[in-house]
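Chain residues, written in single-letter form:
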Amino acid sequence: QVQFVESGGGLVQPGGSLTLSCVVSGSGVSLYTMGWYRQAPGKQREKVASITSGITGGSINVADSVRGRFTISRDFAKNTVYLQMNSLKLEDTAVYYCNAHPSPALADYWGQGIQVTVSS
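Computed from a predicted model, the values in this text were never measured in an experiment.

*Asks:* Is there a simple way to explain the overall build of the protein in this structure?
*Replies:* The helix and strand inventory of the protein stands at zero helices and 11 strands. Listing the helices and strands of the protein from first to last along the sequence gives β-β-β-β-β-β-β-β-β-β-β. Compactness check: the protein gives a C-alpha radius of gyration of 14 Å against a globular reference of 14 Å for 120 residues, within 12% of the reference. On the principal axes, the C-alpha backbone points of the protein span a range of 40 × 25 × 25 Å. Sorting the 120 residues of the protein into buried and exposed places 44% on the buried side. Here the analysis covers contacts within the protein between residues at least 6 apart in sequence; of these, 53% occur between residues at least 24 apart. Carbon and sulfur atoms provide 50% of the accessible area of the protein, an area that totals close to 6,300 Å².

The following block contains the structure:
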């Protein structure tokens, strides 16, 4: 019964900024790694960034393609993960999915996805 509430998507011009939010609920989710994946039309889903649980130190992993532009953060008390996206590029256009899973990954839970469109 893991549930996700994603918000913050929309349309933005190149160079602009957008912040995604994901509130996850369910038993044990505070122990899960959380993160963001994205999938552009005709392409496979790719990991953007992740952050581990507070118990495991909240370690952050960011994809090379967004390093220096995107920042992931987590409110451990509220089970909320954020993705701050700056200097957005056309190639950042995709459906962004909130993800949560134990580590090691014994299960994999996904949000419904939210559209981010970067267009001039």
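*Asks:* Is there a simple way to think about the sheet that holds strand β8 (residues 80-85) in this case?
*Replies:* Consider a sheet: its strands pair through backbone hydrogen bonds, and that pairing is either parallel or antiparallel. A sheet is described by the order of its strands in space; here four strands give the open sequence β1-β3-β8-β7, paired in antiparallel fashion. Of all strands in the sheet, those with a lone pairing partner are β1 (3-7) and β7 (70-75), marking the two edges. The mean angle between the axes of side-by-side strands here comes to 15°, regardless of whether they run parallel or antiparallel.

*Asks:* Which parts of the structure should I look at to understand the nonpolar core?
*Replies:* The tendency in soluble globular proteins is for nonpolar side chains to be buried as a group. Ranked by internal contacts, the top residues of the largest apolar core, which has 31 residues, are W36, L83, M85 and Y96. Elements with a contribution of two residues or more to this core: β3 (18-25), β4 (33-39), β5 (46-51), β7, β8, β9 (94-101) and β11 (114-118).

*Asks:* Teacher, can you tell me more about the packing of aromatic side chains here?
*Replies:* Taken as a whole and assessed by the stated rule, the structure comprises two aromatic pairs. Each ring, one from Y32 and one from Y109, has its centre 5.9 Å from the other, and the planes form 5°; the classification is stacked. With a gap of 77 residues between them, Y32 in the loop between β3 and β4 and Y109 in strand β10 (residues 109-110) connect regions that are remote in the sequence. On the numbers, 4.9 Å between centres and 75° between planes, the contact of Y37 with W110 is edge-to-face. Here W110 lies in strand β10 and Y37 lies in strand β4, a separation of 73 residues in the sequence. Assessed through its relative accessible area of 19%, Y37 is described here as buried. Against the face of Y97 rests R45, its NZ or CZ located 3.8 Å from the ring centre. Looking at R45, its charged tip hangs above the ring of W110, at a distance of 4.5 Å from the centre.

*Asks:* Explain the state of the cysteines here, please?
*Replies:* In protein chemistry, a disulfide is the covalent bond that joins the sulfur atoms of two cysteines. Using the criterion set out here, one finds one disulfide in the structure. Here C22 is linked by a disulfide to C98, with a sulfur-sulfur distance of 2.1 Å. Every disulfide takes its handedness from the sign of the S-S torsion; for C22 and C98 that torsion is -90°, giving left-handed. You can see C22 sitting in strand β3 and its partner C98 sitting in strand β9, a full 76 residues away along the chain. When sorted by exposure, C22 lands in the same class as C98, which is buried.

Reading the values: the criteria
Residues numbered from 1 in each chain as written. Predicted model: local features only at pLDDT ≥ 70, side-chain atom pairs only at ≥ 80, totals over all residues. Heavy atoms only, no water. Helix = DSSP H or I, 4+ residues; strand = E, 2+ residues; numbered from the N terminus. Rg over C-alpha atoms; globule rule 2.2 N^0.38 Å. Buried < 20%, exposed > 50% of the residue type's maximum accessible area, 1.4 Å probe, protein only. Contact = heavy atoms within 4.5 Å. Areas by Shrake-Rupley, 256 points an atom, 1.4 Å probe, with all protein chains shown as cover. Pairing = 2+ DSSP bridges. Axes fitted to C-alpha atoms, helices over the stretch in contact; angles between N-to-C directions. Core = buried A, V, L, I, M, F, W, Y, C linked by side-chain atoms within 4.5 Å. Phe/Tyr/Trp six-rings, centres within 6.5 Å; stacked < 30°, edge-to-face > 60°. Lys NZ or Arg CZ within 6 Å of the ring centre and 35° of its normal. Disulfide = S-S within 2.5 Å.

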